[in-house]
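Residue-level structural notes
Below are the chains, spelled out letter by letter.
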Amino acid sequence: MAPATPVLDDLLVRHLGRDLDAADDSRTLVDLGVESRQVVRIVAALPLDPDVEIDFARISRHSTLRDLRHWLAELLDARPVAGGGA
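What comes next concerns the included structure.

Rules used in this analysis
Residues numbered from 1 in each chain as written. Predicted model: local features only at pLDDT ≥ 70, side-chain atom pairs only at ≥ 80, totals over all residues. Heavy atoms only, no water. 1 Å grid on protein atoms, 1.4 Å probe; cavity = no way out; pocket = protein on both sides within 12 Å on 5 of 7 lines; lining within 4 Å. Points joined across faces, edges and corners; volume = space filled by probe spheres on them. Nonpolar A, V, L, I, M, F, W, Y, C, P; charged D, E, K, R; others polar. Axes fitted to C-alpha atoms, helices over the stretch in contact; angles between N-to-C directions. Helix = DSSP H or I, 4+ residues; strand = E, 2+ residues; numbered from the N terminus. Left-handed = near helix turned anticlockwise from the far one by under 90°. Contact = heavy atoms within 4.5 Å.

**Thoughts on the layout of surface pockets**
- There is about 150 Å³ of room inside the largest pocket.
- Tallied by class, residues from the lining of the largest pocket come to seven nonpolar, two polar and two charged.

**Digging into the packing of helix α1 (residues 6-16) against helix α2 (residues 36-45)**
- For the pair α1 and α2, interaxial distance at closest approach is 10 Å and the crossing angle is 145 degrees. The hand of the α1/α2 crossing is right-handed. Between α1 and α2, the contacting residues are Leu 11, Leu 12, His 15 and Leu 16 on the first element and Gln 38, Arg 41, Ile 42 and Ala 45 on the second.
- In terms of residue class, the contact of α1 with α2 is built from five nonpolar, two polar and one charged.

**Quick word on the side chain of Asp 24**
- Position of Asp 24 relative to the elements: it lies in the loop between α1 and α2.
- Sequence-distant contacts of Asp 24, that is, excluding residues within four places in its chain, are made with Arg 18, Asp 19, Leu 32 and Leu 65.

Bear in mind that shape data such as this cannot, by itself, settle questions of function.
In structure tokens form, the structure reads like this:
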């Protein structure tokens, strides 16, 4: 299973409306019924520094739940971009 934190797991369960298990990690976001606006809401709910750059192009309709978890974990660990702006 992809890196998980209680913050990410709780956030994903709340926004996707169901529990997730290891079998879901390899399913695409489309297969799971995840729409781009849900991804935006999930990112908006993360406790991120306002100057962290967010590259939404990294997550596509063909990304897996594992990809999403990795990307969200990277955002949580991200350092602000010099000069700011997302």
